[in-house]
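Architecture at a glance
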Amino acid sequence: MTPTTRTRWAILTLTGPAYLWLACTIFLPLLAMLALSFLDKSPLVPKPASFTLDNYGAYFSKGFYWPLTLWSIQLGFWVTFFCLLIGYPAAYALAKRIKGRWREAIFLLIVLPFWSNALVRIFSWTMVLRSNGIVDMSVQAMFPGAPSIDLLYSYPAVIIGLTHSYLPYMILTCYIALQAIDDSLMEAGRSLGATAFTTFRRVVLPLSLPGIISGAALIFVPVIGSFMEPRILGGTKGATLGMNIEEQFTVTANWPLGSALSFILLAIVLIIFGILYPFLRKQGGEA
Amino acid sequence: MKRLLDGGIRFYLVLVLVFLYLPILVMALFAFNKSPLYALPFEFDLVWFRALAENDKLLKAGLNSLLIALANTVIATSFGTMAAVAFGRYAFRGKTLLQALLFPPIAIPWLVIGTAMLVFFFWTARAMGVPGMARGLHAILLGHVALSLPYVIFVVGARLNDYPKVLEEAAATLGATPWQVFRRVSVPILAPGVVAAALFAFAVSFDQFVISYFLAPPGVTTLPVEIYTSIRKGFTPEINAISTIIIAVSMGLMLIVARFYRFGGERSGNE
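Basis of the calculations
Residues numbered from 1 in each chain as written. Chains lettered and ligands numbered in written order. Predicted model: local features only at pLDDT ≥ 70, side-chain atom pairs only at ≥ 80, totals over all residues. Helix = DSSP H or I, 4+ residues; strand = E, 2+ residues; numbered from the N terminus. Rg over C-alpha atoms; globule rule 2.2 N^0.38 Å. Contact = placed C-beta atoms within 7 Å. Buried ≥ 20, exposed ≤ 12 C-beta atoms within 10 Å, placed from the backbone. Nonpolar A, V, L, I, M, F, W, Y, C, P; charged D, E, K, R; others polar. pLDDT = per-residue confidence, 0-100. Axes fitted to C-alpha atoms, helices over the stretch in contact; angles between N-to-C directions. Parallel < 35°, antiparallel > 145°, perpendicular 65-115°, else oblique. Left-handed = near helix turned anticlockwise from the far one by under 90°. Expected span 1.5 Å × (residues − 1). Bend = angle between axes of the 7 residues up to and from the residue.

**Regarding the overall build of chain A**
The helix and strand inventory of chain A stands at 12 helices and zero strands. Each helix and strand of chain A, ordered N terminal to C terminal, gives the series α-α-α-α-α-α-α-α-α-α-α-α. By the compact-globule yardstick of 19 Å for 287 residues, chain A is too spread out, its C-alpha radius of gyration being 24 Å. Its C-alpha atoms put chain A at 80 × 75 × 35 Å along the principal axes. Taking the intrachain contacts of chain A between residues at least 6 apart in sequence as the baseline, contacts between residues at least 24 apart amount to 70%.

Here you go:
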């Protein structure tokens, strides 16, 4: 064997298992589902299926799916917005204001819930938000006679639960971006006469934009595909596209329609990435 | 003024932490509370942990989760590390494409990937004449490894990038045999990355709900799937008990790892 053939074999042996695995579990399944989305019968039915566009037609012609899609996208926006609103100042405080041991301790405390089960965290909100839950009881204790507050099974409940689930992502990405900003840049801005706010707006914010954008992408994508969280916290209110897809596969067993809806969801995700990508490119460079 | 500002910042961080930990603490509280209806006042009791010890379904699901997570860690870490070494140590045509292919498993919602796997596995199993094979623990393992591989390749790859190939070449030039190069240079470089990647792979699998949910046939479940089923049937504090155990164990492990990692980092820095 010549050295180049040997190298080629080495590369093939090293990458082969991982990519064969990914082909069989990600790429071929996606192709299979794309094919199924154009068929008129579920594979569960033992009859030959034929080509149809009805599954996509159903999505665009029935008014039923628009509110689901709209709510899924809105949910993505609200959760990303609240994660940014709460997470960015926290990341800023950690990266620029708190030093030493405290920073490490708080940082660890913020990423720690990350390593606990996502489902369990969503479940735990039901105990906080329901009537006679912790929120309700604290309000009653402070304002005796106030009307009972039952937030469970409502739109806000879903937003609160998902914000809680994904907040660490935003803090993490913003923290990494903010920490990389040299303090002397801020000092330079200040000494050249800019106010603290202007320095923030013209120096800190643009430099930390890649962190914000990657955090947004990391949050938006899973949130618009979510079905478990809206089901546990939203109950019958606020059905998402994800919940409907899940039902097509588990309850009504209409796999072709479910496949078409999955690809529509995927298309939305790709559009979002397309919008966010230029910002990442421009600001992040190779990073 | 400065002191006031600092106080405000600290107060804000405390509020964020309260938000992050409130539901977890509430859940643990009710795990130790006697009432089956999550009613207060609090009355300490271990009744739900005792009930849990006799709940074979939940325990079986927990064992399944653990076994799949361990198998996933071994497979994903080995194959992922191999691919990362190929990317880090060789230049070849198609490398950029292969690396780009790692993004879909991360960027596509799990719901889409999970349902796609269900469709493909169903067709494949039927074509092979064993339709029952479409779902099950083996299918769940297939899915988990696919999700873990990109993370492993990124984590190990990041580590390799910090240590250029010349280190290995230098060792070889100085007379080390290929085995010595591997044992004395490559392994120490890779080790911290591989350990971190393995932890990642374990966490990805042990936490994974969506993929497992679609690939679990009736009667065979992993812990998250079983918890979800129980929640939908109606809440029971047994779920609190097992959740409290999971959270305590996983957070405890992370704390240990965080400590270990700091020491590890410092030591390798001094060498």
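Structure's up, so let's keep going.
**Examining the overall build of chain B**
Per the secondary structure count, chain B includes 12 helices and zero strands. For chain B, the N- to C-terminal ordering of α and β elements is α-α-α-α-α-α-α-α-α-α-α-α. Radius of gyration (C-alpha) of chain B: 23 Å, far over the 18 Å computed for a compact globule of 271 residues. The C-alpha extent of chain B, read off along each of the three principal axes, is 75 × 75 × 35 Å. Expressed as a percentage of its 271 residues, the buried residues of chain B come to 42%. Partitioning the contacts of chain B with sequence separation of at least 6, the portion at a separation of at least 24 is 77%.

**Concerning the interface of chain B and chain A**
Listed by partner, the interface residues are 62 residues for chain B and 62 residues for chain A. Of all the elements in the fold, those that place two or more residues in the side of chain B that touches chain A are helix H1 (2–31), helix H3 (56–89), helix H5 (103–107), helix H6 (110–127), helix H7 (137–162), helix H9 (178–207), helix H11 (223–233) and helix H12 (237–270) of chain B. Top contributing element to the side of chain B that touches chain A by residue count: H1 of chain B, with 13 residues. Of the residues assigned to the side of chain B that touches chain A, the class counts are 56 nonpolar, five polar and one charged.

**Let's talk about the confidence of the model for chain A**
Taken over all residues, the pLDDT of chain A has a mean of 86, while the share at 70 or more is 97%. Element-level pLDDT for chain A is lowest in helix H6 (residues 134–142) of chain A, with a mean of 77, against a maximum mean of 92 in helix H3 (residues 65–97) of chain A.

**Points about the environment of arginine 130 of chain A**
Residue and element names in this part refer to chain A. If you trace the backbone, arginine 130 turns up in the loop between helix H5 (118–129) and H6. You can call arginine 130 partly exposed: it has 19 C-beta atoms within 10 Å. Considering only alpha carbons, one finds arginine 130 and alanine 157, 27 residues apart in sequence, at a separation of 9.4 Å. For arginine 130, the contacting residues outside a window of four places in its chain are Asp150 and Leu152.

**Re the packing of H3 of chain B against H9 of chain B**
All names here are of chain B. Here H3 crosses H9 at 140°, and the two axes come no closer than 8 Å. Taken together, the axes of H3 and H9 lie oblique to each other. Remark: the crossing between H3 and H9 carries right-handed chirality. Counting all contacts with H3, which are made through Ser65, Ile68, Ala69, Asn72, Thr73, Ala76, Thr77, Gly80 and Thr81, the residues of H9 involved are Leu190, Val194, Ala197, Ala198, Ala201, Phe202, Ser205 and Phe206. When the residues that make up the contact of H3 with H9 are grouped by side-chain class, the tally is 10 nonpolar, seven polar and no charged.

**Remarks on unusual backbone geometry**
The general pattern is negative phi for most residues beyond glycine and trans for most peptide bonds. Residue and element names in this part refer to chain A. Notably, tyrosine 153 is not glycine yet its phi reads approximately 60°, a positive angle. Considering the arrangement of structural elements, one finds tyrosine 153 in the loop between H6 and helix H7 (155–179). The backbone of alanine 253 shows a phi angle near 55°, a positive value even though the residue is not glycine. Classification of alanine 253 by C-beta neighbours within 10 Å gives partly exposed; the count is 13.

**Quick notes on H7 of chain A**
Residues and elements named next belong to chain A. Under the 1.5 Å per step criterion, the end-to-end length of H7 is 35 Å for 25 residues, consistent within 8% with the ideal 36 Å. At tyrosine 166, H7 is deflected by roughly 45°, the largest bend along its length, and proline proline 168 occurs up to four residues later in sequence. For H7, a buried count of 21 out of 25 residues is recorded, marking the element as mostly surrounded by other parts of the structure.

**As for the confidence of the model for chain B**
Residues and elements named next belong to chain B. Mean pLDDT over chain B stands at 85; residues scoring 70 or higher make up 95%. Of all helices and strands in chain B, the one with the weakest mean pLDDT is H12 (69), whereas helix H10 (residues 210–215) scores best (93). A low-confidence stretch, residues 263–271 (pLDDT under 50), is modelled with two contacts involving residues beyond four sequence positions or located in other chains. What the predictor reports for the complex is a pTM of 0.86 with an ipTM of 0.86.

**Quick word on the packing of H3 of chain A against helix H11 (residues 241–250) of chain A**
Residues and elements named next belong to chain A. At their nearest, the axes of H3 and H11 sit 7 Å apart, and the two run at 125° to each other. Classified by the interaxial angle, the pair formed by H3 and H11 is oblique. Where H3 abuts H11, its residues Leu68, Thr69 and Ser72 lie against Leu241, Gly242 and Asn244. Across the contact of H3 with H11, the residue classes break down as two nonpolar, four polar and no charged.

**Considering the environment of leucine 167 of chain B**
Relative to the elements of secondary structure, leucine 167 of chain B occurs in helix H8 (residues 166–173). Sequence-wise, leucine 167 of chain B and tyrosine 151 of chain B are 16 residues apart; in three dimensions their C-alpha atoms are separated by 25 Å.

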